Amino acid sequence: MTDRVLFIDDAQVQSMEGLQRCIHPGEKFDFNPVLRCDRKWESGQSMLGTVMKEEGVYRMWYGSGVGQHGDNKGRLWHMYAESDDGIEWRLPSLGQFTDPEGSTRNNVFLDPESRPHQYSNVMSTPRMGRGRRYTLLSFSGPGHYVRFSDDGLNWTEWSSEPVIPRFGDVGFYTYDERDQLFRGMVKQYLQVRGRRRRIQSRTVSADAYDWTLPRPAVIPDEIDDEWTHGDPDKASEIYGIPIFRYGSLLLGFVDILRSTDAMGTLGLNNQGVTDVQLISSRDGQTWERVGDRSRILEMGRRGEWDGGFIRSAKSFVEDGDELRLYYFAMDHPHGAQKKGDWKRAVGLASWQRDRLVGLRADELGELISVPIPAGNQLHVNADASGGQITAELLNEAGTVVPGFERDTCLPFDGDSLDHTIKWRSPASRDNHDENRSVRLSLQDAEVFSLWFS
Amino acid sequence: MNKILFIDDAQISSMRDVERRIHPARKYEGNPVVTSDCDWEGAETTLGTVRKEADRYRMWYQSYASTPDPDGIDSFIRSLHLYAESDDGLAWSKPALGMTEDSTGSVANNIAFVRPGFSKDINPSVLHRPHASNGHTYTMLSYGVGYDLPYNGHFVAYSDDGLRWRDGPQTPVIPGFGEGGCFIYDEVDETFRGMIAWDPSDTHLFSTQSADALEWSLPRPVLTPDEADTEWAGGESDKRTLFPAMPITRYGPVLLGFLQVLRGHGVGVGFDGEMDVQLVSSRDGKTWHRVGDRHPVIERGSDDSSWDSGLVWMGNSLVEDGDRVVAYYTGCQRTPGALARSRWSKSIGTASWPLDRLVGLAARGDGGVETTATAAAGQLHINADASRGQVTAALLDEDGSAIEGFSTVDCNALTNSDSLDHAFEWSGGALSSLEDRTVHIHLTLRDAELFSLWWSDDR
């Protein structure tokens with residue numbers, strides 16, 4: 001099977017007409033949140049963290065606020081949970097560290113006495129060799145630290161010095177198997193249009209400890225600031241961006257803070273709600289905002305558990321035909337309460353495969369893909385239940401390949417994650433080993449991806 | 001010529017009864033040598049870079065001037081990159097470059113470069129790469145902020161002659177970080193080196209390197225005030241020691257850092273303090289060591305009325321000139337609250353040391369220093385002050401015994417004399433017999449101070 005052609009960006013679109021790029025917010029699980037930090041010694045503050053699925057088991061690494069008062073207030077301990085379905089989570093007894101009740105029958109996986117860390121970015125990195133099957137990167141105080149593990153539970157700190165000094169406190173990392181690179185997005189404050197704001201900078205490493213100088217990847221632009229209507233107290237900031245590989249693309253969930261105290265005396269720009277939007281990149285260096293920037297993850301209504309502040313995390317899970325994103329949220333805006341009083345929980349949103357973004361024709365539309373290696377069969381992931389889709393194949397000169405004309409294509413008028421396009425001509429069975437462009441004609445339909453098998 | 005310096009212990013095998021002594025630079029009596037005396041200059045005059053090229057001193061310095069808006073609506077502050085020249089490094093002229101309009105509309109001024117759209121374009125380091133092509137003989141790194149810029153950070157510009165500058169990339173080569181960036185081109189390692197700060201609330205200085213001044217390594221913290229630095233505060237919470245910046249320079253086998261040490265008290269507009277310059281050294285650009293007892297190498301003016309009594313700081317401005325090492329520095333008079341004010345009066349002065357004499361190893365009475373080197377065919381030289389004592393040398397073999405004819409008693413000691421270049425001779429004959437052999441050099445000092453040591457190829 002060839003790489004799927006995704007329509008999240010224009011990189012694989014040669015031309016299109018009559019189509020609009022549609023962003024589909026994740027569908028939230030009806031019984032969210034799926035995890036609360038509500039044991040009596042927990043403060044209710046949770047922070048993802050990572051979710052991944054390995055050998056049929058969902059695994060979650062998350063932070064939980066421990067201690068209601070004093071020095072411990074707001075401090076995160078690092079916890080581990082497992083689930084068979086990603087909905088019902090169990091907290092295994094790891095027996096590693098003593099909790100405030102004096103017991104080691106708990107799910108704490110990092111030494112609470114060590115420096116406090118945020119955002120457990122756990123990556124499966126078997127390529128790194130023995131002792132390093134898992135890599136953990138997290139921020140604490142002076143910078144970002146790395147740890148290695150063989151089971152994701154017992155960790156060894158690589159160095160007492162941060163591998164990325166400063167650039168905190170928010171940082172998300174992924175191991176990109178395709179490029180065999182660790183990729184990071186870390187927070188930096190920069191002066192953007194006269195204001196000191198949070199932005200996110202990209203960095204890469206071959207080994208998780210030698211990193212490049214982070215360079216700005218996503219900066220709030222004038223479109224991001226449109227909602228402020230020039231009010232000097234308001235500004236958009238890029239709060240954090242978990243990134244991950246999705247087929248031929250790198251995707252990121254951008255957490256945008258709509259700050260309403262941008263002129264705050266401390267310049268902390270802390271008060272505000274968040275949006276979660278989608279960005280994409282083909283090379284990890286240039287990142288593009290997707291479509292009209294509408295939300296990929298909707299905040300809950302006021303009063304709901306996720307109605308104030310919503311954050312994505314390193315928790316995008318491809319599970320068969322389902323894409324899952326675990327997120328954490330709270331019912332009040334960022335900065336509305338003292339940090340130690342924040343109550344956050346973990347929820348779940350999902351999409352069907354490839355259906356984060358599609359190209360939709362409300363009437364008639366057409367797109368031509370860039371030439372891609374062809375196989376025997378052309379597949380589309382599309383919803384044409386209210387209309388139809390037909391296809392034809394073009395050679396690299398742009399001429400229709402005989403036997404693969406639009407007129408001989410059997411129209412698709414269903415809704416399928418994997419529909420095989422068929423032509424009436426017998427020649428349609430012999431179409432491999434050439435580069436072909438695909439011309440799709442859509443009528444009241446939306447296409448999400450296409451590929452050859 | 002591979003010189004051995006005693007600024008750190010890196011080239012010392014052993015030493016006995018000597019102390020490392022820091023010598024503050026001797027200030028020129030006619031200071032300041034450059035002040036704001038032109039209509040287009042603001043009250044602030046700051047370094048910058050000084051180089052000596054052929055027989056001419058060249059200075060790149062800055063001033064912040066109120067200048068009419070091009071649209072004629074209002075005035076705004078421009079960061080001017082200014083240029084001055086001198087034959088002797090003392091009397092400076094400000095040539096009319098005819099390049100940039102000043103506040104009067106004239107181009108008869110010494111403004112070399114102004115970046116439009118920058119509200120701040122400060123702390124420039126002008127770096128010289130003699131073999132660079134493509135008009136990149138000179139590289140300037142400076143810190144820029146501006147509403148129309150994508151974001152703040154360290155920007156690059158290029159020039160063939162140090163006067164006509166072209167912008168490099170439109171985005172900073174080092175995004176963000178603090179204003180106090182200091183850069184050099186290290187010809188020994190063919191590397192650009194930078195020393196930068198993270199932000200004003202962070203007490204660390206960070207080191208970074210680049211092969212091309214465009215792609216920089218991840219800055220790593222190398223220096224922060226320690227307990228000895230903060231001792232003066234006596235535990236009072238409103239007293240702080242800060243390292244705002246550290247210009248660095250290549251000096252023979254070592255990298256020197258001129259650490260700006262600010263001792264301040266109070267907060268916000270009440271913040272006040274004093275700043276002087278201490279010496280730091282490194283052999284690799286990564287690990288930096290404080291030198292000796294940390295006595296300032298550039299001292300503040302001794303009485304409050306002197307022009308540099310409040311703050312002194314170096315630029316990229318250490319010049320080796322014959323038998324002297326010349327430093328240029330910015331000074332500011334001690335005035336209460338000066339640190340918190342947005343405008344203050346600063347000028348540029350100069351101070352110097354005899355060659356290699358920033359730091360020495362001194363013996364009161366008898367002392368000894370031993371170092372290891374590969375012998376050359378020529379002569380062994382020292383830079384030492386034995387005007388009230390003596391320095392003798394012996395060459396030892398690997399087991400520590402004196403090589404016959406090259407013992408202490410066989411050498412022509414430096415006695416009751418002060419010499420920047422004393423060549424040892426031994427009764428054992430010419431050193432050519434030891435050429436390329438690893439020898440231990442044992443120097444015996446009596447009431448003397450040793451600054452450097454080297455082999456010449458002279459026979």
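Residues numbered from 1 in each chain as written. Chains lettered and ligands numbered in written order. Predicted model: local features only at pLDDT ≥ 70, side-chain atom pairs only at ≥ 80, totals over all residues.

Counting its regular elements, chain A contains zero helices and 31 strands. For 453 residues, the compact-globule estimate of 2.2 N^0.38 gives 22 Å, and the C-alpha radius of gyration of chain A, at 23 Å, lies within 12% of that figure. Along the first, second and third principal axes, the C-alpha atoms of chain A reach 75 × 55 × 40 Å. Evaluated residue by residue, chain A yields a buried proportion of 47% over its 453 residues. Contacts in chain A between residues at least 24 apart in sequence constitute 59% of all its contacts with a sequence separation of at least 6. (Helix = DSSP H or I, 4+ residues; strand = E, 2+ residues; numbered from the N terminus. Rg over C-alpha atoms; globule rule 2.2 N^0.38 Å. Buried ≥ 20, exposed ≤ 12 C-beta atoms within 10 Å, placed from the backbone. Contact = placed C-beta atoms within 7 Å.)

It is worth spelling out the overall build of chain B at this point. Scanning chain B for helices and strands turns up one helix and 30 strands. Expected size for 459 residues packed as a compact globule is a radius of gyration near 23 Å; at 24 Å, chain B falls within 12% of this value. Seen along its three principal axes, the alpha-carbon backbone of chain B occupies a region of about 85 × 55 × 40 Å. Counting the 459 residues in chain B, one finds 44% classified as buried. A fraction of 59% describes how many contacts in chain B between residues 6 or more apart in sequence connect residues 24 or more apart.

On to the pairing of strand S20 (residues 248-251) of chain B, then. Residue and element names in this part refer to chain B. For S20 and strand S21 (residues 254-265), the ladder comprises four bridges, and the chain directions are antiparallel. Bridging from a neighbouring strand, Arg250 pairs with Leu255 of S21. Counted along the chain from S20 to the antiparallel partner S21, the turn is two residues long, and its residue Gly252 has a positive phi close to 60°. (Pairing = 2+ DSSP bridges.)

For the rest of this paragraph, the subject is the domain arrangement of chain B. Residue and element names in this part refer to chain B. Under the domain assignment used here, chain B contains domain 1 (4-22 + 359-455) and domain 2 (26-354). Placing the centre of domain 1 and that of domain 2 at their C-alpha centroids yields a distance of 37 Å. Between domain 1 and domain 2, the contact holds nine residues from the first and 14 residues from the second. Among the elements that take part in the side of domain 1 that touches domain 2, strand S3 (residues 19-22) stands out by supplying three residues, more than any other. Counted by class, the side of domain 1 that touches domain 2 contains six nonpolar, no polar and three charged residues. (Domains from an automatic or database assignment. Nonpolar A, V, L, I, M, F, W, Y, C, P; charged D, E, K, R; others polar.)

With that out of the way, let us pick up the domain arrangement of chain A. Residues and elements named next belong to chain A. Parsing chain A into structural domains produces domain 1 (5-23 + 358-452) and domain 2 (27-354). Each of domain 1 and domain 2 has a C-alpha centre, and the two are 37 Å apart. Mapped onto the side of domain 1 that touches domain 2, the elements with two or more residues apiece are strand S3 (20-23) and strand S31 (435-452). Tallied by class, the residues present in the side of domain 1 that touches domain 2 amount to six nonpolar, two polar and two charged.

Within the secondary structure, B:Pro130 is located in the loop between strand S10 (120-128) and strand S11 (138-145). By the C-beta count within 10 Å, which is 8 here, B:Pro130 ends up exposed.

Residue and element names in this part refer to chain B. Pairing within the open sheet is antiparallel, and its four strands lie in the order S15-S16-S17-S18. Each of the sheet's edge strands pairs with one partner strand only, and the pair in question is strand S15 (182-186) and strand S18 (220-223). Between one strand axis and the next, the sheet turns by 30° as a mean value, whatever way the strands run. Here strand S17 (residues 205-210) runs beside S18; their pairing, made up of three bridges, is antiparallel. (Axes fitted to C-alpha atoms, helices over the stretch in contact; angles between N-to-C directions.)

Turning our eyes to something else, we now look at unusual backbone geometry. The omega torsion across B:Asn31 and B:Pro32 is -5°, close enough to zero to call that bond cis. Among the secondary structure elements, B:Pro32 is positioned in the loop between strand S4 (26-27) and strand S5 (45-53). Cis peptide bonds are those with omega within 30 degrees of zero, and the linkage from B:Leu47 to B:Gly48 qualifies with -5°. Looking at the secondary structure, you find B:Gly48 in strand S5. Residues other than glycine seldom take positive phi values, yet A:Arg193 does so here, at roughly 45°. One can find A:Arg193 in the loop between strand S15 (181-192) and strand S16 (195-205).

This part takes up the interface of chain B and chain A. Listed by partner, the interface residues are 14 residues for chain B and 17 residues for chain A. Where the side of chain B that touches chain A is concerned, the elements lending two or more residues are strand S14 (174-175) and S18 of chain B. Grouping the amino acids of the side of chain B that touches chain A by side-chain chemistry returns 10 nonpolar, three polar and one charged.

Here the focus is the nonpolar core. Counting residues in each nonpolar core, the largest one holds 117 residues, and the members touching the most others are A:Val218, A:Ile241, A:Tyr327, A:Ile389 and A:Val447. Residues B:Ala25, B:Ile248, B:Leu256 and B:Trp454 belong to the second largest nonpolar core, which totals 114 residues. (Core = buried A, V, L, I, M, F, W, Y, C linked by C-beta atoms within 7 Å.)

As a further point, take the sheet that holds strand S17 (residues 215-218) of chain A. Residues and elements named next belong to chain A. With respect to topology, four strands assemble into an open sheet ordered S14-S15-S16-S17, the strand pairing being antiparallel. With partners counted over all chains shown, the strands left at the sheet margins are strand S14 (171-176) and S17, one partner each. Each neighbouring strand pair of the sheet contributes to a mean axis angle of 40°, computed without reference to strand direction. Here S14 runs beside S15; their pairing, made up of six bridges, is antiparallel. By the bridge assignment, Thr174 is partnered in S15 with Arg183.

This part takes up the pairing of strand S18 (residues 235-240) of chain A. Residue and element names in this part refer to chain A. Burial of S18 is extensive: six of the six residues sit out of reach of the surface. Here five bridges tie S18 to strand S20 (residues 249-259), and the two strands are oriented antiparallel to one another. Paired with Glu237 across the two strands is Leu257, which belongs to S20.

Residue placement: A:Arg166 occurs in the loop between strand S13 (164-165) and S14. Residues in contact with A:Arg166, not counting those within four places in the same chain, are A:Pro142, A:Gly143 and B:Trp198.

Glancing now at the environment of B:Ser217. Within the secondary structure layout, B:Ser217 lies in the loop between S17 and S18. In this structure the C-alpha to C-alpha distance between B:Ser217 and B:Ser207, which are 10 residues apart in sequence, comes to 8.7 Å. When neighbours within four sequence positions are excluded, B:Ser217 is seen to be in contact with A:Leu213, B:Thr208, B:Gln209 and B:Ser210.

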